[in-house]
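# Observations on the model geometry
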Amino acid sequence: MHISEALEIRQHTPKNTFRHTIRVEQRLGLTLSDREREAIYSACQVSGFGLDTYYRWYRQKSAISSKLAHLDHHSILQAIHCIDRSDYSSINEKLPNDRGVVIALPHHGHYILAAVRLMEHIRHLRNVHILYGDPRDHAGNDLFDDLYRRLFDRAGCRAGIIHSNGRGIAKALRALKNGEAIIMMPDVHRHREETYCIPFLGRPLDIMLGTAAMARKTGSCILPVVSVVDAALQATTVFGDTVEPTLRRAAPSSDVSDYWTTLDIFQFFERAMGPQIIYWQYVRQHFLKKSEFPIFYPSTMDEAWHMFSKDHRSNPKPVLTAYLD
Amino acid sequence: MQSSTVMIISNRGSMSPQAQSPKRCATQCDATFPDVANITSSTAIIVATTRPNIDRATELLGKGTVTEIIGADPAYSTMPSDILRKLDGKPGHRIIVVFSDQLTSSLDAPVLASHQGRQRFLSLVEVILNNLHGFHLLVCTCGGAVSLPPGSPLVSILRAVSDCLDASGHMGSDWLVEAAQVKRNPGTRLSESRIRQRVFHSAVMHMYWKHPDFNPERFDQIHRELKNLYRAPEPTKRIADAH
């Protein structure tokens with residue numbers, strides 16, 4: 001099914017068509033509201049799958065997570081190679097020799113396994129780091145710390161982790177300036193009011209411009225990468241064309257340039273993830289959205305700006321302030 | 001973007017020429033809803049959103065005793081702006097029920113009220129009904145009712161509405177719109193407008209990406225104005241005490 005066709009299928013599917021049972025979800029430890037189940041069902045339709053595929057995927061992810069937690073270094077790598085059999089040598093020609101590279105890897109498919117294999121491959125070519133939220137602020141990220149300790153934490157390994165706090169960002173910028181590689185996950189944010197949004201699979205997606213900004217500031221290129229999953233739930237990592245933040249047409253400011261770069265990155269993500277969007281970690285939240293991204297045209301821009309600037313909701317200043325004490 | 005008019009009202013100030021204090025009301029209250037049988041002049045009854053109050057208000061609306069219900073739930077109430085439009089230039093005896101606690105959006109609650117170190121946005125429709133349309137206000141809580149005659153000081157009206165919200169906070173789960181009150185917080189209002197600004201800004205940048213032939217000067221101008229909006233709002237200046 002083409003994405004354009006699938007997007008036309010609306011979310012309001014009669015509940016009696018769901019083939020789920022509460023017992024299946026309970027066995028999986030999956031707690032879904034009716035609205036969330038509808039959202040996932042809608043995403044399944046976009047991908048041409050039934051809800052059963054989602055349940056199967058959820059079960060497999062849980063099984064892999066608990067298995068990885070108990071394996072030693074050698075067994076982890078062996079297990080990962082069984083699921084993700086991609087040929088990572090094809091990345092070599094895409095990596096520039098003379099500058100840094102930001103690898104943009106969304107939370108799709110077996111992205112953790114892809115990250116491990118990327119680090120395992122790239123560390124033989126150059127220093128590579130993965131940047132993610134500090135586990136103290138981001139629940140669940142201790143899994144990455146734990147995997148790192150078991151897989152890469154040894155002298156001369158050339159693979160490291162960086163937590164995305166002030167000090168971590170500075171370290172990542174230095175690494176990129178030194179021509180190293182940084183793996184980042186650009187489909188995540190903490191504070192919505194700091195995000196911009198882009199159209200993604202028919203809905204607005206809130207995104208940060210950090211991936212594009214880091215590449216622009218360091219003269220690095222961006223390599224978009226997606227872990228795609230086949231019918232047997234085996235993973236293959238696909239690579240997009242490199243995006244060059246510095247070669248953009250004259251943008252009036254850096255944030256406009258970063259926004260355009262991010263659009264380029266997510267165009268590749270949409271192509272790779274769209275046909276199998278149920279394997280995206282944020283599929284539930286995304287398909288819960290009922291609104292559409294506002295599309296403006298040059299001919300309607302002035303009218304849109306006029307309406308926006310007259311709207312009370314656009315400006316937080318009160319029309320009246322009263323002291324009642 | 002045109003800047004909003006900012007007016008500061010202190011306790012000394014009033015929009016009304018007659019400064020009168022709120023009085024304990026002689027009208028009998030049945031729980032938190034007043035007995036409307038003895039009301040002889042145009043009156044706006046301000047009550048909390050509870051199941052019994054909604055049922056009572058809709059019952060009285062059905063009988064024709066209550067003329068309108070103001071609120072944010074279209075199932076049984078009408079937006080303030082629509083009611084005020086209806087009132088313009090039409091004299092008569094009216095009883096309007098106002099669920100002030102439902103009026104939390106930036107459109108319905110544009111007044112930033114500061115009280116005992118706490119700031120929150122309050123509605124203005126009660127002031128307009130009282131000062132411009134000659135309505136008595138009857139603010140009802142479990143603790144009793146407060147009556148405000150037409151032309152009452154703006155600060156008195158806002159304080160009565162504010163006290164009514166505070167009293168409703170003690171009702172627990174009976175108060176059906178407690179969760180919505182967070183929208184009155186300046187922080188929430190600021191965050192919501194930031195999100196709105198960024199969505200619009202994103203749509204503008206997306207348009208220019210799709211249509212590179214768009215007028216670059218015009219894009220620059222809109223882009224700059226949007227960036228200015230992101231800056232934290234300056235503290236409002238005391239420009240006048242309204243009398």
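As the structure is a computational prediction, the values presented were derived from the model and not from experiment. (Residues numbered from 1 in each chain as written. Chains lettered and ligands numbered in written order. Predicted model: local features only at pLDDT ≥ 70, side-chain atom pairs only at ≥ 80, totals over all residues.)

## Things to note about the overall build of chain B
Which entries qualify depends on this criterion: Note on conventions: DSSP H or I runs of at least 4 residues are helices, E runs of at least 2 residues are strands, and numbering of each starts at the N terminus. Contact between two residues is assigned whenever their backbone-derived C-beta positions fall within 7 Å.
When helices and strands are counted, chain B shows 6 helices and 11 strands. Of the contacts formed within chain B by residues at least 6 apart in sequence, a portion of 69% connects residues at least 24 apart.

## Quick word on the overall build of chain A
The condition is simple: Radius of gyration: over C-alpha atoms. The globule rule applied is 2.2 Å multiplied by the number of residues raised to the 0.38 power. Any residue with 12 or fewer other C-beta atoms within 10 Å of its own C-beta is exposed, any with 20 or more is buried, and the rest are partly exposed; the C-beta atoms used are placed from the backbone.
Counting its regular elements, chain A contains 12 helices and 9 strands. For 325 residues, the compact-globule estimate of 2.2 N^0.38 gives 20 Å, and chain A sits close to it at 21 Å. Its C-alpha atoms give chain A principal-axis dimensions of about 65 × 50 × 50 Å. Put simply, chain A has 325 residues, and 37% of those count as buried. At a minimum sequence separation of 6, the contacts of chain A that also span at least 24 residues come to 74%.

## Thoughts on the interface of chain A and chain B
Just so we agree on the cut-off: For two strands to be treated as a pair, DSSP must find no fewer than two bridges joining them.
Contact residues are listed per partner, giving 36 residues for chain A and 55 residues for chain B. Contributing elements (two or more residues each) for the side of chain A that touches chain B: β5 (196–200), α10 (254–273), α12 (301–310) and β9 (320–323) of chain A. As judged from the 4 bridges shared by β9(A) and strand β8 (residues 111–115) of chain B, these two strands associate in the parallel manner. Bridged to Leu320(A) within β8(B) is Val111(B).

## A short note on the packing of α10(A) against helix α5 (residues 186–210) of chain B
Definition in use: Axis definition: a line fit to C-alpha positions, over the contact stretch in the case of helices; interaxial angles, taken between N-to-C directions, run 0 to 180 degrees. Reported orientations rely on four angle classes, namely roughly parallel under 35 degrees, roughly antiparallel over 145, roughly perpendicular from 65 to 115, and oblique for the rest. Charged residues are taken to be Asp, Glu, Lys and Arg, nonpolar residues to be Ala, Val, Leu, Ile, Met, Phe, Trp, Tyr, Cys and Pro, and polar residues to be all remaining types, Gly included.
Remark: α10(A) packs on α5(B), axes separated minimally by 10 Å, with the N-to-C direction vectors making an angle of 70°. Considering their axes alone, α10(A) and α5(B) lie roughly perpendicular with respect to each other. Across from Val256(A), Tyr259(A), Trp260(A) and Leu263(A) in α10(A), the residues of α5(B) making contact are Ser202(B), Met205(B) and Trp209(B). Considered class by class, the residues forming the contact of α10(A) with α5(B) number 6 nonpolar, 1 polar and no charged.

## Description of the pairing of strand β1 (residues 101–104) of chain A
Residue and element names in this part refer to chain A. Of the two faces of β1, the one holding Val101 and Ile103 and the one holding Val102 and Ala104 are both buried throughout. The pairing of β1 with strand β4 (residues 181–184) spans 4 bridges and is parallel. Paired with Val102 across the two strands is Ile182, which belongs to β4. One ladder, built from 4 bridges, connects β1 with strand β7 (residues 221–229); its direction is parallel.

## A few points about the domain arrangement of chain B
In plain terms, the rule: Domain segmentation is taken from an automatic or database assignment of domains.
Domain boundaries in chain B define domain 1 (23–184) and domain 2 (186–230). Relative placement of domain 1 of chain B and domain 2 of chain B: their C-alpha centres are 37 Å apart.

## Observations concerning the confidence of the model for chain B
All names here are of chain B. Under the convention used in this document: Confidence scores here are pLDDT values: one per residue, from the predictor, ranging 0 to 100.
On average, chain B scores 83 in pLDDT, and the residues at 70 or more come to 82%. When the criterion is pLDDT under 50, residues 234–243 qualifies, and its contacts beyond four places in sequence or with other chains add up to 19 contacts. For this predicted complex, the interface score ipTM comes out at 0.88, while the overall pTM is 0.80.

## Notes on the pairing of strand β5 (residues 43–46) of chain B
Residue and element names in this part refer to chain B. Along β5, one buried face is formed by Thr43 and Ile45 and the opposite face, lined by Ala44 and Ile46, is buried too. Sheet analysis places β5 next to strand β7 (residues 95–98), joined by 4 bridges and oriented parallel. Pairing of Ala44 across the sheet is with Ile96, part of β7. Summarising the sheet, β5 and strand β10 (residues 136–141) pair through 4 bridges and their orientation is parallel.

## Considerations on unusual backbone geometry
Residue and element names in this part refer to chain A. Of note in the backbone geometry, Arg158 takes a positive phi value of approximately 65° without being a glycine. Structurally, Arg158 is set in the loop between α7 (142–151) and β3 (159–163). On the basis of neighbour counts, which here come to 16 C-beta atoms within 10 Å, the residue Arg158 falls in the partly exposed class. Positive phi outside glycine occurs at Leu201, with the angle close to 50°. In this fold, Leu201 is placed in the loop between β5 and β6 (203–207). The exposure class of Leu201 is buried, given the 20 C-beta atoms found within 10 Å.

## Remarks on the nonpolar core
This is how it is decided: What we call a nonpolar core is a set of buried Ala, Val, Leu, Ile, Met, Phe, Trp, Tyr and Cys residues whose membership is set by joining through C-beta atoms within 7 Å.
Counting 88 residues, the largest nonpolar core has Ile40(A), Val102(A), Ile103(A), Ala115(A), Ile182(A) and Ile183(A) as the members making the most contacts within it. Examining the composition of this core, we find that 10 residues originate from one element, α10(A), more than from any other. Residues contacting Ile182(A), with those up to four places away along its chain left out, are Val102(A), Ile103(A), His129(A), Leu131(A), Ala172(A), Ala175(A) and Leu176(A). Ranked by size, the runner-up nonpolar core spans 47 residues in total, among them Leu324(A), Ile96(B), Ala145(B) and Val161(B).

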